[in-house]
Protein chains: 2
Amino acid sequence: MEFKEAKDKFINTWGAFGTLWGINKAMAQIHALLFISPDPLSMEDIMEELDISRGNASMNLRALMEWGIVYKIGVTGERKEFFTSEKDVTELSRQIAKERSRRELQPTIRVLKEISNITDDGTAKTKEFIKQTKAMYDLADTADTMMNRIVNQEQNWITKTLVKLFK
Amino acid sequence: MEFKEAKDKFINTWGAFGTLWGINKAMAQIHALLFISPDPLSMEDIMEELDISRGNASMNLRALMEWGIVYKIGVTGERKEFFTSEKDVTELSRQIAKERSRRELQPTIRVLKEISNITDDGTAKTKEFIKQTKAMYDLADTADTMMNRIVNQEQNWITKTLVKLFK
DNA sequence: TTAAACTTTCAGTAATTATTGAAAGTTTAT
DNA sequence: ATAAACTTTCAATAATTACTGAAAGTTTAA
């Protein structure tokens, strides 16, 4: 396999993978493109490479910047702006985990906590509801805590130990 | 808040959460409904409760069964079939992690491995491509391994220890 | 067998989500 | 101040994804 084929395959695979996890195709593909590009790219470059419109490129670049995994940089002597992505996969996953937790997990956890607090009227359906939503709350909360701790901070001794044991 | 309101809130929240993670609304809502129901429900019950068509209910129930988190059961004396969900959240997350790994992560990992193996022609773009896709492969592979080990097997001492430390 | 009770399938349609492209907005150089 | 170079916005449209409903299929009971 040669470079061009491999590159296209990466961009497409990443796009498809993103789609399965609730990220739109163009966004994932722009990220993929920047991720493997040795140099920053202009909006023009991206539009051409991925065959997408200016508006699409603009909107998804902004979204990627809001996720904290793509940066806009100025190149001296150039009028237009250039974009580059987070190249360190550890930092990349840290950032994604952080954002998904903040945007999606935490709001859900808040609701679970709230609704699992209805007064127990003694009926079977209420009892089951409280039991199950509490269990779901605990699960989500534990997952969120672990996710944040593992990916947020610098790897501490326990994480290192764990990684060694799991490798 | 009373039961009915809390119940609707749970079903809707779960549906919205699922959507963000690539699971369709009806599927997530059916799961939510079964998850809090003390008794198994018939297709009729589900259709009525969620106000969806027979076809929709049928297809999503099948999908949930394929994910291994909803079961079809026969009730003696009843002609129609009843459905119930996995009630244990540990088993639920184990199953979801297992399936997402199998269906989505592993195929992606396979591609990453393949494409990061192109021959290095010495150009900067090829070098960067190989470096970055290898890094992504390592990340995905480690994540997959950890995910599977943590959620797949019975909690062993290290996991227990970890959970304690993280709580 | 027959037929009632129930489930599945899938073509058509609806709803949602993503994308375009051009007008409006912004920045920079002169 | 003007205009060229560039970016953003957003209404219109396209593409994708989900849902419906009825016909076909299956199971069960008599």
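Here the structure is shown first, and the text comes after it.
Residues numbered from 1 in each chain as written. Chains lettered and ligands numbered in written order. Predicted model: local features only at pLDDT ≥ 70, side-chain atom pairs only at ≥ 80, totals over all residues. Heavy atoms only, no water.

Asker: Hey, could you run me through the overall build of chain A in this one?
Answerer: When helices and strands are tallied, chain A shows 7 helices and 3 strands. Within chain A, the proportion of its 167 residues that are buried is 45%. Residue pairs in contact within chain A that sit at least 24 positions apart in sequence constitute 53% of those at least 6 positions apart. As displayed, chain A offers around 8900 Å² of accessible surface, 53% of which is attributable to carbon and sulfur atoms. (Helix = DSSP H or I, 4+ residues; strand = E, 2+ residues; numbered from the N terminus. Buried < 20%, exposed > 50% of the residue type's maximum accessible area, 1.4 Å probe, protein only. Contact = heavy atoms within 4.5 Å. Areas by Shrake-Rupley, 256 points an atom, 1.4 Å probe, with all protein chains shown as cover.)

Asker: Sorry if this is basic, but what is going on with the interface of chain B and chain A here?
Answerer: Many authors give the size of an interface as the accessible area that is lost as the parts come together. Taken together, the contact between chain B and chain A spans 51 residues of the former and 51 residues of the latter. Buried area between chain B and chain A, summed over both chains or domains, comes out near 5300 Å², and the portion from carbon and sulfur atoms is 78%. For the pair chain B and chain A, the number of links is 4 salt bridges. Ionic pairing is found between Lys9 of chain A and Glu114 of chain B, a salt bridge with its closest N-O pair at 3.1 Å. At the boundary of chain B with chain A, the tally comes to 12 residue pairs in polar contact (both at pLDDT 80 or more). (Buried area = accessible area lost by both parts, 1.4 Å probe. Salt bridge = Lys/Arg side-chain N within 4 Å of Asp/Glu carboxyl O. Polar contact = N/O pair within 3.5 Å; in protein donor to acceptor, adjacent residues only side chain to side chain.)

Asker: Looking at this model, I keep getting lost on the relation of the copies chain B and chain A. Mind explaining?
Answerer: The two chain copies are connected by a rotation around an axis plus a translation along it. In screw terms, the move from chain B to chain A is a rotation of 180 degrees and a rise of 0.0 Å along the axis, fitting with an RMSD of 0.0 Å. Taken together, these values place the two copies in the relation of a two-fold axis. Comparing contact sets, 100% of the residues at the interface of chain B also lie at the interface in chain A, consistent with an isologous, same-surface contact. (Least-squares fit on C-alpha atoms with pLDDT ≥ 70 in both.)

Asker: Please explain unusual backbone geometry as it appears in this structure.
Answerer: Among all residues except glycine, the phi angle is most often negative; among peptide bonds, the trans geometry is most common. You will see that Asp51 of chain A, though not glycine, has its phi angle at about 55 degrees, which is positive. Secondary-structure assignment places Asp51 of chain A in the loop between α3 (43-50) and α4 (54-66).

Asker: Before we go on, may I ask you to explain the nonpolar core in this structure?
Answerer: Considering soluble globular proteins, one finds that nonpolar side chains tend to be buried as a cluster. Grouped together as the largest cluster of nonpolar side chains are 80 residues, with contacts concentrated most on Ile46 of chain A together with Ile46 of chain B. Excluding its chain neighbours within four sequence positions, the residues that come into contact with Ile46 of chain B are Ile30, Leu33, Leu34, Leu41, Asp51, Ile52, Leu61 and Phe83 of chain B. (Core = buried A, V, L, I, M, F, W, Y, C linked by side-chain atoms within 4.5 Å.)

Asker: Explanation requested: the sheet that holds strand β2 (residues 70-74) of chain B in the structure shown.
Answerer: Working definition: the strands of a sheet are paired by backbone hydrogen bonds and lie parallel or antiparallel to each other. Residue and element names in this part refer to chain B. Sheet architecture is open: 3 strands sit in the order β1-β3-β2, paired in antiparallel fashion. Of all strands in the sheet, those with a lone pairing partner are β1 (41-42) and β2, marking the two edges. Summarising the sheet, β2 and strand β3 (residues 81-85) pair through 5 bridges and their orientation is antiparallel. Note on β3: the bridge partner recorded for Tyr71 is Thr84. Helix α2 (residues 25-36) contacts β1, β2 and β3 of the sheet and is inclined by roughly 85 degrees relative to β3. Relative to β2, helix α4 (residues 54-66) is tilted by about 110 degrees, and along the sheet it contacts β2 and β3. (Pairing = 2+ DSSP bridges. Axes fitted to C-alpha atoms, helices over the stretch in contact; angles between N-to-C directions.)

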